[in-house]
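Residue-level structure breakdown
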Amino acid sequence: MGKRVLLHSCCGPCASHCLFALREAGYSVMLCFSNANIAPAEEFEKRLEAFKRLAEVTDTPYCVDPPDHADWLESVAKGFEREPERGARCARCFRYSLTRAAKLREAYGCDAFTTSLTVSPHKSSPTLFAVGKEVDGEHFLSIDFKKKDGFLDSLRRAAEYGLYRQDYCGCEFSLAARRQEAPHA
Ligand code: SF4
């Protein structure tokens, strides 16, 4: 068996491409849902359900980190509510989730960890790599899942498995921005 990697999964659709890319590279994958940024709670449940479906249809072990959105608001968003997406709040958000993922890697005895966040064209891979290395440089794998049409592959796989795909990043601030862009959505 290859090295065990814990894949921090921002959502089922993004994780679908990363899971197969990691398997093709010879890793044994554990999926991890640690996303306290997601609001409201019903949205968290919808994304969690899609994540579990991915784990089931691909026969992959997984863990779920119970979310504490109040703590996320206090530690990440406070004072950064008006930041645009890709701004300072997002780098803090990455740090929050990856710090928790790093602890889960250790708890589950995996050899390394990485994140599906790099698959999205809206997320800066260099920023994610910098945060991952800062959090735990010894165990973080800097993999740019956008490469090799990763995002397109995630769309294709999400459709194939019937996974719910959200239309905003995750927090209430990104939801409000999305609703302003598309008032009729
Ligand atoms: S927009 Fe997305 S990445 Fe940025 S803080 Fe909100 S949930 Fe996190």
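Before reading further, recall that the structure is shown in the block above.
It should be emphasised that the depicted structure is a prediction, and the values quoted were computed from it without experimental measurement.

**Some words on the pattern of salt bridges**
Applying the stated criterion to the full structure yields 12 salt bridges. Here K78 and E74 are joined by a salt bridge, their closest N and O atoms 3.2 Å apart. A salt bridge links D136 to R105; the shortest N-O distance between them is 4.0 Å. Taken as a pair, D136 in helix α5 (residues 125-136) and R105 in helix α4 (residues 88-107) lie far apart in primary sequence, 31 residues in all. Grouping residues by exposure puts D136 and R105 together as buried. Via salt bridges that share partners, D153, R156, R157 and E160 belong to a single interconnected network.

**Topic: the environment of F80**
Within the secondary structure, F80 sits in the loop between α3 (69-77) and α4. Between the alpha carbons of F80 and R92 there is a distance of 9.4 Å; along the sequence they are 12 residues apart.

**Observations concerning the site of the ligand**
Surveying the vicinity of the ligand reveals the residues N37, W72, E85, R89, C90, C93, F94, C169, G170, C171 and S174. Broken down by element, the residue count for the shell around the ligand peaks at four residues, all from α4. Broken down by class, the residue content of the shell around the ligand amounts to six nonpolar, three polar and two charged.

Here is what the cut-offs are and how they apply
- Residues numbered from 1 in each chain as written.
- Predicted model: local features only at pLDDT ≥ 70, side-chain atom pairs only at ≥ 80, totals over all residues.
- Heavy atoms only, no water.
- Salt bridge = Lys/Arg side-chain N within 4 Å of Asp/Glu carboxyl O.
- Helix = DSSP H or I, 4+ residues; strand = E, 2+ residues; numbered from the N terminus.
- Buried < 20%, exposed > 50% of the residue type's maximum accessible area, 1.4 Å probe, protein only.
- Near = heavy atom within 4 Å.
- Nonpolar A, V, L, I, M, F, W, Y, C, P; charged D, E, K, R; others polar.

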